[in-house]
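This is what each chain is made of:
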Amino acid sequence: MFLDHDDVLRPWALSRMTGILEREADVAMVFARTLYWAWDMTIGKEEMESSFAPFPPGRLAGQVMLRDLIRWDTRHPPPCSIALRRDVLLATRGDGALWHGMYEETALLMKILARHDVWLLDEVVSSYRMHPDSMCIKAEAAGTLSNETVSRDRVRYIGWAARHVAMDWRSRLLALTVWLKGEAKLRLAPRR
């Protein structure tokens, strides 16, 4: 689990998530839900809870979640709601190229999901503070991250994943398609 100094973890979160990892020996990670909250309303963000819909709670094939992360930018679970096995993390970190910058955590998750299943916990276990100095808010302000239009950071990261993540052919085909469509849209889009 990765916690920033301003993330809030529910008192029972660790025991609940590690209990799942102990019970489900072949699951590499637990993804739980998060409450996103903004203490500074000038960033223009509303409080919301994450969701894994349309997926039901419980075990999900890693490749299925991987394709979901490729398709949808907004499906990334925040690091404060992820519990993963230490041995899987260490093996993945030492396995080939790493992505640095925006989407760093998602790139790591993609490498893990390419080889391991995940457990979806339908409970809010943490609160993630949205603030003006966050990497996402700064990238939105710089125009490299957007949920409404094509995102330069996302296109670069998906292109990296298509080349460096050991995914199945369906996931690779999807990643290549998303990457190439994104590149084409970026070429046609006016520069900021």
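Up top is the structure.
Residues numbered from 1 in each chain as written. Predicted model: local features only at pLDDT ≥ 70, side-chain atom pairs only at ≥ 80, totals over all residues. Heavy atoms only, no water.

A. Spatial organisation of the nonpolar core. Counting 33 residues, the largest nonpolar core has Met-29, Phe-31 and Met-65 as its most contacted members. Listing elements by their share of this core, those giving two or more residues are strand E2 (27–38), helix H2 (62–71), strand E5 (82–84), helix H3 (86–93), helix H4 (104–113), strand E6 (117–130), helix H6 (152–164) and helix H7 (169–188). When residues in this core are grouped by element, the largest group, six residues, is from H4. With near-sequence residues (within four places) excluded, Phe-31 lies in contact with Phe-52, Met-65, Pro-77, Ser-81, Ile-82, Leu-109, Leu-113, Val-118, Trp-119, Leu-120 and Leu-121. (Core = buried A, V, L, I, M, F, W, Y, C linked by side-chain atoms within 4.5 Å. Buried < 20%, exposed > 50% of the residue type's maximum accessible area, 1.4 Å probe, protein only. Helix = DSSP H or I, 4+ residues; strand = E, 2+ residues; numbered from the N terminus. Contact = heavy atoms within 4.5 Å.)

B. Geometry of the packing of H6 against H7. One way to put it is that H6 packs onto H7 with a least axis distance of 8 Å and a crossing angle of 145 degrees. Crossing hand, H6 versus H7: left-handed. Taken together, the residues of H7 that come into contact with H6 (itself represented by Arg-152, Arg-154, Val-155, Ile-158, Gly-159, Ala-161, Ala-162 and Arg-163) are Arg-172, Ala-175, Leu-176, Val-178, Trp-179, Gly-182, Glu-183 and Leu-186. Its residues assigned to classes, the contact of H6 with H7 shows nine nonpolar, two polar and five charged. (Axes fitted to C-alpha atoms, helices over the stretch in contact; angles between N-to-C directions. Left-handed = near helix turned anticlockwise from the far one by under 90°. Nonpolar A, V, L, I, M, F, W, Y, C, P; charged D, E, K, R; others polar.)

C. Summary view of the environment of Trp-160. Tracing the sequence through the fold places Trp-160 in helix H6. Sequence separation of Trp-160 and Leu-176 is 16 residues, and the distance between their C-alpha atoms is 9.7 Å.

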